[in-house]
Amino acid sequence: MNVAVKQQGIEVLKWAERETRGWKLMIGGEWVESAAGRRCTTVNPSLDIPLADVPDGDAQDIERAVAAGRRAFPAWSALHVDERAKILRRFADAIRALAPSFGMLDALDSGNPYTAMVEDAKKGAGAIDFFCGLGMEIKGETIPTPGGGLDYTRPQPYGVVGRILPFNHPISFAAGKIAAPLVAGNTVVLKPAEQTPLSALLLGRLAQEHLPPGVLNIVTGDGPNCGAALVRHPHVRRIAFTGGVETGRAIMREAGIKSVSLELGGKNPLIVFPDVDLDKAAAAAVAGMNFTVSQGQSCGSNSRVFVHRDIHDRFMQAVLQRVAQIRLGLADREDTKMGPVITREHYNRVLSYIDSGKAQGARLRAGGKHPADPELERGYFIEPTVFDEVRHGMKIEQEEIFGPVMSVLAWDDPEAMLREVNDVEYGLCANIWTNDISTALRLADGIEAGYIWINGHGGKRFKGAPFGGFKNSGIGREHSLEELLSYTQIKNINVSY
Ligand code: NAD
C-alpha cells in the first residue's frame, strides 16, 4: 500500500475515500456497497458540516459479513497462534505507519484533537502487539482423575465474534478491540459507531492487505438495524460491546444464548484527602476528567470529585486555574487541546445537564456555555465546565453526562462520603488521593468499582491490568489476559487408558 502520511485534513479524507473505493464495506476481503444501497452521512463536529457518506448497513450486510467470517474461520483458527501473531504484528506495524492519517480522520470525524488521535492510533496498534505477546497463554489444564487416564482442557475460539464500538475513541478501539478475538483464533465482524465510521473503514484497507480475506469484516450502520442484527445472528456466538448502559440492556435482551461482554458507562469518583499535595491532586482531577483528548466523553472520566472540606477552597482554586488554561480549537489543528462534542444532539443534551445543575442549586465555577471564539461558532463546542457545591442525588451527580462537566462535592465524614461514592448505578473506576496507605487501602476495599487508582487518574491505563466495571458498568474485563481468554471456550477431553 502506498503509505500516505498526509496531514492536511482534506487530502487525507480524499485519499482515504479512494483507498476504500468510495467508503465501502469490507466483507470477505472485498469492498462492497450495502445490499440495500443506502448510505448515511457522517458530520464534522468542529464545523457542523457533512464530511463523508458511508454505507448504511443492515441485516443483509451482517449476513454476508458473518458468512465471510465463517468461511475464513477454519483456516485462521487452524494456524498456530504464533503464525497468527506474526500476521497481526505486521498489521499493527501498518497501523502505526499510518497513525497521522488515522489521527486526522478521527479528528475530523469525532472532534477529538488531532494530536491525541495520532496517539490513539498508536495505542490501538500497541494493543495488537500486547495480545500477540500473550498468545501462548491460551492453554489448558490437566485434571487428576481416579483410576488413571487423562483429563485435559483446551480453550478453543468461538468462531465469528461480533464487536460493536462507541464513538469516543474510533481507531484506538477499532484496532485494539479486535486484537484479542483474532489472536485467539476467531474471525471478527466489526461494527463501528455510526458517528465515527471512517477510520474503521480505512483499517479495512490494511486488513485487505495484511489479513486473509474474511478474517476481519467491517460493516458500518446504525444500532437498531445493523448492530442489533449482529447481536441476534445465530452464528455469532460471542458478542463484545462497548457503549452505553441502555444499549447494553438491549443487547442482553436480544442476544439469546451466547457469550456477551459489556464495557459500559461510569460516574467515577476522585476522592481527595487533606494530606495530599494539592497541586498534584488538582492536576490529576483535571487530567482524569479528560477535558482534553475527548471533551469528557470517556467512560473513565472522574466526573465526581469528592474533596475534603478543609482543603476545598484551595483545591478548587488549583482546579480552576488549570481548567482556564485548556485551549479549545478546531479538532484538526495540531495545537488544539479540546475539541467539540460528537453531535448537535449530544451538545444539546450536555447543555441541558448544565441547566439542570444550575436549577438544582449547584454553583457554576467555570464554563457552562459555548466558547466566544468566532472560529468555533458553528461546531458543538462546550467550555470545560466545573460545578461546585454539588450535592449527592443531584442529576448531574448521578447520571453519566459523557461531556466536559465536572461536579465537585465537599465532604468531612469519611463513612458518609463512601456511602455517597457508592450510591450510583455505575461502578467502573475510582481514584483515591491520600498519602496515608491504610486510609487508601481501606477505602479501595470499600469502593464498588472495577478499577481503582491510588494517587493516579483514569488517563493512565496499564497494559495487562484488567479493566471493566462493577454494577451497571458492565460484565467482563479487558486489556488483560482475562480479555484474551474470554474469546475462547473450554473443551474438556477425557481419555481412559
Ligand atoms: P451507544 O450505546 O449509543 O452506541 C454504541 C454502539 O452500539 C454503536 O455502534 C451503536 O450503533 C450500537 N448500538 C446501538 N443500539 C444497538 C442495539 N440495539 N444493538 C446493537 N448495537 C447497538 O454508545 P455511544 O454513545 O457510542 O458511547 C458512549 C457510551 O459508551 C458511554 O456510556 C460510555 O461510558 C461508554 N463507553 C464505555 C467504555 C468502557 O470501556 N467501559 C469505553 C468507551 C465508552
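Just so it is clear, the structure is predicted and the values come from calculations on it, not from any experiment.

Conventions adopted
- Residues numbered from 1 in each chain as written.
- Predicted model: local features only at pLDDT ≥ 70, side-chain atom pairs only at ≥ 80, totals over all residues.
- Heavy atoms only, no water.
- Helix = DSSP H or I, 4+ residues; strand = E, 2+ residues; numbered from the N terminus.
- Rg over C-alpha atoms; globule rule 2.2 N^0.38 Å.
- Buried < 20%, exposed > 50% of the residue type's maximum accessible area, 1.4 Å probe, protein only.
- Contact = heavy atoms within 4.5 Å.
- Lys, Arg positive; Asp, Glu negative; His and termini not counted.
- Charge placed at Lys NZ, Arg CZ, Asp CG, Glu CD.
- Salt bridge = Lys/Arg side-chain N within 4 Å of Asp/Glu carboxyl O.
- Polar contact = N/O pair within 3.5 Å; in protein donor to acceptor, adjacent residues only side chain to side chain.
- Near = heavy atom within 4 Å.
- Nonpolar A, V, L, I, M, F, W, Y, C, P; charged D, E, K, R; others polar.
- Domains from an automatic or database assignment.
- Buried area = accessible area lost by both parts, 1.4 Å probe.
- Pairing = 2+ DSSP bridges.
- Axes fitted to C-alpha atoms, helices over the stretch in contact; angles between N-to-C directions.
- Core = buried A, V, L, I, M, F, W, Y, C linked by side-chain atoms within 4.5 Å.

Participant: Residues and numbers for the overall build of the protein, please.
Facilitator: Along the protein, the regular secondary structure elements total 17 helices and 22 strands. Over its C-alpha trace the protein gives a radius of gyration of 23 Å, about what one expects of a compact globule, namely 23 Å for 497 residues. Seen along its three principal axes, the alpha-carbon backbone of the protein occupies a region of about 70 × 65 × 35 Å. Looking at the protein as a whole, 59% of its 497 residues qualify as buried. When contacts within the protein are restricted to residue pairs at least 6 apart in sequence, those whose partners lie at least 24 apart make up 72%. Considering the protein, the positive charge centre built from 55 side chains and the negative charge centre built from 59 side chains are found 4 Å apart.

Participant: Describe the pattern of salt bridges, with residues and values.
Facilitator: Taken as a whole and judged by the stated rule, the model has 29 salt bridges. Residue Glu 194 pairs with Lys 191 through a salt bridge whose shortest N-O separation is 3.6 Å. A relative accessible area of 35% places Glu 194 in the partly exposed class. For the salt bridge of Lys 471 with Glu 448, the shortest nitrogen-to-oxygen distance reads 2.7 Å. Within this pair, whereas Lys 471 is found in strand β20 (residues 470-471), its partner Glu 448 is found in the loop between α16 (437-446) and β19 (451-454), the two being separated by 23 residues in sequence. Through salt bridges with shared partners, a single network forms among Arg 163, Lys 177, Glu 478 and Glu 483.

Participant: Give me the lowdown on the side chain of Asn 302, citing residues and values where you can.
Facilitator: If you trace the backbone, Asn 302 turns up in the loop between α11 (291-294) and β13 (304-308). For Asn 302, a relative accessible area of 0% puts it in the buried group. A polar contact of 3.0 Å, which involves the side chain of Asn 302, links it to the backbone oxygen of Ala 285. For Asn 302, the contacting residues outside a window of four places in its chain are Asn 268, Pro 269, Leu 270, Ala 284, Ala 285, Gly 288, Met 289, Met 406 and Asn 431.

Participant: Could you give me a rundown of the site of the ligand, with the residues and numbers involved?
Facilitator: Near the ligand you find 29 residues, and of these Leu 165, Glu 194, Thr 247, Leu 264 and Glu 400 are the closest. Residue Gly 223 places a main-chain N or O atom 3.3 Å away from an oxygen atom belonging to the ligand. Contacts to the ligand include Glu 400, whose side-chain N or O atom sits 2.6 Å from an oxygen atom. Counting residues per element, the ones that place at least two in the shell around the ligand are α8 (223-232), β10 (236-242) and α9 (245-255). Among the elements that line the shell around the ligand, the one with the most residues is α8, at four residues. For the shell around the ligand, the class distribution of residues is 16 nonpolar, eight polar and five charged.

Participant: How would you summarise the environment of Asn 225 if you had to cite specific residues and measurements?
Facilitator: As for its position among the elements, Asn 225 is in helix α8. A residue is classified by how much of its surface remains accessible, and Asn 225, at 42% relative accessible area, is partly exposed. For the pair Asn 225 and Gly 300, spaced 75 residues apart in the sequence, the C-alpha separation amounts to 28 Å.

Participant: Give me the lowdown on the domain arrangement of the protein, citing residues and values where you can.
Facilitator: Looking at the assigned domains, one finds that the protein contains domain 1 (9-264 + 476-493) and domain 2 (269-462). Centre-to-centre, using C-alpha coordinates, domain 1 lies 30 Å away from domain 2. Across the contact, 29 residues belong to domain 1 and 30 residues belong to domain 2. Summed over the three residues of domain 1 that lose the most area to domain 2, namely Ser 46, Pro 113 and Phe 167, the buried surface amounts to 23% of that side. Taken together, the connections running from domain 1 to domain 2 amount to one salt bridge. Its salt-bridge partner being Asp 48, residue Arg 344 comes within 3.5 Å of it at the nearest N-O pair. Inspection of the region where domain 1 meets domain 2 yields eleven residue pairs in polar contact (both at pLDDT 80 or more). Those elements giving two or more residues to the side of domain 1 that touches domain 2 turn out to be α4 (99-110), α5 (114-134) and α9. Classifying every residue of the side of domain 1 that touches domain 2 by side-chain character gives 14 nonpolar, ten polar and five charged.

Participant: Please provide a residue-by-residue account of the sheet that holds strand β14 (residues 363-366), values included.
Facilitator: Strand order in this open sheet of seven strands is β14-β15-β16-β13-β12-β18-β19, and the pairing throughout is mixed. On the outer flanks of this sheet lie β14 and β19, each paired with one strand and no other. In this sheet, neighbouring strand axes are inclined to one another by 20 degrees on average, regardless of whether the strands run parallel or antiparallel. Bridging between strand β15 (residues 385-388) and strand β16 (residues 405-411) involves three bridges; their strand directions are parallel. Considered in β16, the bridge of Val 386 is made with Met 406. The sheet contacts of helix α13 (residues 344-359) involve β14, β15 and β16, and relative to β15 the element is tilted by about 20 degrees. Along the sheet, helix α15 (residues 414-422) contacts β12 (269-272), β13 and β16; its crossing angle with β13, the most-contacted strand, is approximately 180 degrees.

Participant: How would you sum up the side chain of His 169? Please name residues and give values.
Facilitator: You can see His 169 is positioned in the loop between β7 (160-164) and α6 (170-183). With a relative accessible area of 11%, His 169 lands in the buried category. Those residues within four positions of His 169 in sequence are excluded, and the remaining contacts are Met 117, Asp 120, Val 293, Ser 294 and Ser 298.

Participant: Describe the nonpolar core, naming the residues involved and giving the relevant values.
Facilitator: Counting 66 residues, the largest nonpolar core has Phe 91 and Leu 216 as its most contacted members. Leu 270, Ala 282, Phe 291 and Val 305 belong to the second-largest nonpolar core, a separate cluster that totals 31 residues.

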